[in-house]
Amino acid sequence: MKIAITSTGDTLKATIDSRFGRCAYFAIYNTETKSTEFILNPAKDAQEGAGPTAVQFIAVQKVSRIVSGEFGTKIKPLLESLNIEMIAHKNSASKIAELIDLYK
């Protein structure tokens, strides 16, 4: 399974980004290979429609679960229709490495 975590940076020491559609990076953790890949969010600087664009991007990555600080009301039905689980993690000080450890 692949898990996407919204990230403020491209290292395991970065913290979770509270924004889904406009996060800086997605940390994609593969539970089978135990590998993590950081991918720049192509929607982060979009004038409008950042959330739906980010959903499309995540769907192409074949992600099953997303961990983010929050999800917009327009995004929830899109992710639900794709059967992508949403986990809201409110502690903005959490490091990406700590969140990945929860899924190991």
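Residues numbered from 1 in each chain as written. Predicted model: local features only at pLDDT ≥ 70, side-chain atom pairs only at ≥ 80, totals over all residues. Heavy atoms only, no water.

Draft legend 1. The nonpolar core, seen in detail. Counting 18 residues, the largest nonpolar core has A4, F20, F26, I28, I58, I66 and L79 as the members making the most contacts within it. Breaking this core down by element, the ones donating at least two residues are β2 (25–30), α1 (50–60) and α2 (75–81). Considering each element in turn, this core owes the most residues, 5 residues, to α1. Discounting residues that sit within four places of it in the chain, I58 has contacts with A4, F20, F26, I28, V63, I66 and I84. With 10 residues, the next largest nonpolar core counts I16, A27, Y29 and I100 among its residues. (Core = buried A, V, L, I, M, F, W, Y, C linked by side-chain atoms within 4.5 Å. Buried < 20%, exposed > 50% of the residue type's maximum accessible area, 1.4 Å probe, protein only. Helix = DSSP H or I, 4+ residues; strand = E, 2+ residues; numbered from the N terminus. Contact = heavy atoms within 4.5 Å.)

Draft legend 2. Region of interest: the pattern of salt bridges. For the structure on display, the rule yields 3 salt bridges. Here R19 ties to D17 by a salt bridge, and the two come within 3.0 Å at their closest N and O atoms. What makes R19 partly exposed here is its relative accessible area of 42%. A salt bridge links K44 to D45; its shortest N-O distance comes to 3.4 Å. (Salt bridge = Lys/Arg side-chain N within 4 Å of Asp/Glu carboxyl O.)

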